[in-house]
Amino acid sequence: MAQPETAPERSPELSGQALESGSSLWHDAFVRLRRNRLAMMSLVFLVALVLVALATPWLAPYSYEEQDLALGASAPSAEHWLGTDTLGRDLLTRIMYGTRVSLMVGFIATAVALGIGVLWGTTAGFLGGRVDMVMMRLVDVLYALPFAIFVVLLTVIFGSSLLLLFLAIGAVEWLTMARIVRGQVLGLRRQEFIEAAISLGLSRWSIITRHLIPNALGPIIVYTTLTIPSVILLESFLSFLGLGVQAPQSSWGSLISDGVDTMEEYPWLLIFPGLTLAVALFALNFLGDGLRDALDPRVSKD
Amino acid sequence: MALLSVEHLSVHFHTREGVVRAVDGVSFSVEPGEVLGIVGESGSGKSVACYSLLGLIPMPPGRIESGRAEFDGIDLLSLSEKQLRRIRGRRISMVFQDPMTSLNPYMRIGDQLVESLRQHHRVDKKAARERAILSLEEVGIREARQRIDNYPHEFSGGMRQRVMVAMALITEPELLIADEPTTALDVTVQAQILDLIKEIQRRRNLTVVFISHDLGVVAGLADHILVMKSGQVVEAGPPKQIFRAPQHPYTRQLIEAIPTSAKSAVGTLEDTPLLDVRELYTAFPVYRGMFFPREVSRVEAVKSVSLSVRKGEILGLVGESGSGKSTLGRSIMRLVDSQSGEVWLDGKSLSALRKGELKRARRDFQMIFQDPYASLNPRMTVFDTLAEPLLLHGLAERGNLREEINQLMDDVGLDRRSVRKYPHEFSGGQRQRVAIARALAVRPRLIVADEPVSALDVTIQAQILDLLLALTQRHGLTMLFISHDLAVVRYLCDRVAVMRQGELVEQGETEAVFSHPQHPYTRDLLDAIPSVDFGTESAQ
């Protein structure tokens, strides 16, 4: 529609401050994010969750390996707020310890996938030509590798460890990220503002970090918020294959898959871990959406 | 009796930012067999006024607030969607701006023609096909019987627009609404399509509403002109009257914005060339093969072009799309690699520079791009956009950065207070000013401007041209000005070079080329300019 020559006035908060250094994109994004109540509540919740996870050894009401075989599975009560599992272990304690593993897996593995994927994708997309072809063929080859076989091989060769778990998850999740980012960058690379940046004499690194990545952020953030839950669930599958955490240690994924087995007799064993996961994922998605909008100056500011 | 009469039509868009009065009390009427031209800039409501009659605007947010529209005795605004569908395409047809997007790329054009015919008339498939072939012949497509089974991409832009016209006319409508039908086309092709519409209109005694931003194009075609601004009709009348005695200041502004005058010579130019291009050859190799791609062919965009631009001179590089003029500009900018030839800037060879040296040397030559919506990083404020080149080349430090940027803003006529805004908060003309400021930030000696005003409205275009002219004089800049618009080139440039199919066919002093073109292609180009000859002050 009509674009008047005089653009609408900006709110004084954004225009008043003089920022002589750094990128105003991130500063403006933070100002906008702070106004998004849902995203801020989610952020507070996630920070609280991390703090609880860190302090679990001191906060947890019971020890994670303490069994009460005589008690067995019991419904929520004054002693055991969220009930106990079939071996009489306190569910709240197990969920709290599980949070440590799941958040760690979720954040670290996703960060690994994000880091490799974004760099790989931007490099391939920006350089193009033969480099792009070789890099993306490698991605195709890794895609074609059956994941289960890859994991079993890893366990056979290296044994089971948490580090290996990150490696295995990171090794698959970055592939999709790389493809998404490459597609974005291919579209952006032909834009005139990239040519303008080259004309100014900017280095490739500056072009990638200052011009390409910020403009590809929307899909990257959305895909990241989708990756975290899939990684958390992937962990339970890997634990099942013997890579990752083994009982009595727990994770959200393994608690849920245990809960599914006894769903009809002891529903709370499924409900509480499931609820924890669901709320955490909601928070992640709200925060992700908030970040995506905050980082796009074109989204209306009110 | 008028075929179409519209009275006090108001169409508003109810958006979150408030009500936009896209059409605000517009009245007009078209007699049978008449051509009505509606002229206005983007956002003037000229398209919305016509689309809303046929229920073609998104509602909501759009809403027809008031007014009457009568087509052959039918009250258009009271019709249901179903009743409208029987009129749309059958009695009132449309031709849109972009023939690339308004044809379905996955359907043979014959099938698309047959479909639109059989939508409205009971015709069997075979007869419909014959009718389709006839209508293709009518719009001047040769060997229509063979071409009918081709896909849209197998036609050139001009041919596609002919197909669109055939499709609009196959149902034998009484009224044709053409919305900027030639804007996306090259000048010579534009002239052909305009002739075609004129000819068919006369032969069929068709009634036409012709919407355009280009007063010159409309003037040669219309019996009656409507000038629109901000949703209102500011002036109406026959073309002669509009050109000879424009009443409204906006109409006068539009007429003045048509660059008709030639550039007056600016002092004497030194004879030393600043830019010297020697036998530059740029081709794009075409690769085939998945794992071991081989070069199978190459597209030669620039075939051994030599030209030079003197210090302080503006050289206009003219040509149609695909002539290689943009590639030549980008080759000079070293944005694409050339296979052979050399580019010398002030006695230094740019072609010999290595990567690091090139980055430093880029300070001396900058580019202004066509599309101000694409040439600014949408996630950087104007401040950051301008700070980047200043800091990169050490032209400012943290201390005087703000001062330098204010200076640049003043230079291009932007409000200092808007440095914290993002590109989307500016209008097209303001954005182009930002892009110009970015190019000027490094204090270059040469500017390559690639169609810098062709994406802008005519009145804004005139402002930006004057700004460029003022800046080149103030800063002693040399410019290579790439454009398809000969009138603009004549207004701005000291010399012209005409490019066609990768080669320079003619170059010389602007006035010499315009008054005595040597090459037949240059003559074709000059003939294709829609002439406005109603004896206005500026044309004499």
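Residues numbered from 1 in each chain as written. Chains lettered and ligands numbered in written order. Predicted model: local features only at pLDDT ≥ 70, side-chain atom pairs only at ≥ 80, totals over all residues. Heavy atoms only, no water.

Focus on the overall build of chain B
A count of helical and extended segments in chain B gives 19 helices and 20 strands. Over its C-alpha trace chain B gives a radius of gyration of 26 Å, about what one expects of a compact globule, namely 24 Å for 540 residues. Across its three principal axes, chain B shows a C-alpha extent of roughly 70 × 55 × 50 Å. The burial tally for chain B puts 54% of its 540 residues in the buried class. When the accessible surface of chain B is split by element, carbon and sulfur atoms take 47% of a total near 23,700 Å². Across chain B, the centroid of the 66 positively charged side chains sits 5 Å from that of the 69 negatively charged ones. (Helix = DSSP H or I, 4+ residues; strand = E, 2+ residues; numbered from the N terminus. Rg over C-alpha atoms; globule rule 2.2 N^0.38 Å. Buried < 20%, exposed > 50% of the residue type's maximum accessible area, 1.4 Å probe, protein only. Areas by Shrake-Rupley, 256 points an atom, 1.4 Å probe, with all protein chains shown as cover. Lys, Arg positive; Asp, Glu negative; His and termini not counted. Charge placed at Lys NZ, Arg CZ, Asp CG, Glu CD.)

Remarks on a nonpolar patch on the surface
Residue and element names in this part refer to chain A. A grouping of Leu-43, Val-47, Val-50, Leu-51, Leu-54, Met-104, Phe-107, Ile-108, Val-112 and Ile-116 is seen on the molecular surface, where their side chains present a nonpolar patch of about 780 Å² in accessible area. Residue assignment for the nonpolar patch shows that the elements contributing at least two residues are α3 (37-59) and α4 (91-127). Counting through the fold element by element, Val-112 comes out in helix α4. (Patch = residues over 30% accessible without salt bridge, like charges linked within 9 Å, V, L, I, M, F, W, Y side chains within 5 Å. Salt bridge = Lys/Arg side-chain N within 4 Å of Asp/Glu carboxyl O.)

Re the environment of Ile-232 of chain A
Mapped onto the secondary structure, Ile-232 of chain A falls in helix α9 (residues 204-240). In contact with Ile-232 of chain A, other than residues within four places in its own chain, are Ser-102, Gly-106, Trp-252, Gly-253 and Leu-277 of chain A. (Contact = heavy atoms within 4.5 Å.)

Things to note about the packing of helix α3 (residues 109-120) of chain B against helix α4 (residues 125-138) of chain B
All names here are of chain B. Running from N to C, α3 and α4 cross one another at 110°; their axes reach a closest spacing of 9 Å. The orientation of α3 relative to α4 falls into the category roughly perpendicular. Handedness of the α3/α4 crossing: right-handed. Along the contact surface, α3 presents Ile-109, Leu-113, Val-114, Leu-117 and Arg-118, while α4 presents Lys-125, Ala-128, Arg-129, Arg-131, Ala-132, Ser-135 and Leu-136. Split by residue class, the contact of α3 with α4 holds 7 nonpolar, 1 polar and 4 charged. (Axes fitted to C-alpha atoms, helices over the stretch in contact; angles between N-to-C directions. Parallel < 35°, antiparallel > 145°, perpendicular 65-115°, else oblique. Left-handed = near helix turned anticlockwise from the far one by under 90°. Nonpolar A, V, L, I, M, F, W, Y, C, P; charged D, E, K, R; others polar.)

Describing the pairing of strand β8 (residues 207-212) of chain B
Residues and elements named next belong to chain B. The buried count for β8 comes to 6 of 6 residues, which makes it a mostly enclosed element. Strand direction decides the pairing type here: strand β3 (residues 35-39) and β8, joined by 5 bridges, are parallel. Counted as the bridge partner of Gly-37 is Phe-210 from β8. Where the polypeptide runs from strand β7 (residues 175-179) across helix α7 (residues 187-204) and back to β8, its parallel neighbour, the crossover connection is right-handed. (Pairing = 2+ DSSP bridges. Right-handed = clockwise from strand over helix to strand, strands pointing away.)

Comments concerning the confidence of the model for chain B
Looking at chain B, the pLDDT average stands at 86 and 95% of residues meet or exceed 70. On the interface metric, ipTM, the complex scores 0.77, and its pTM is 0.79. (pLDDT = per-residue confidence, 0-100.)

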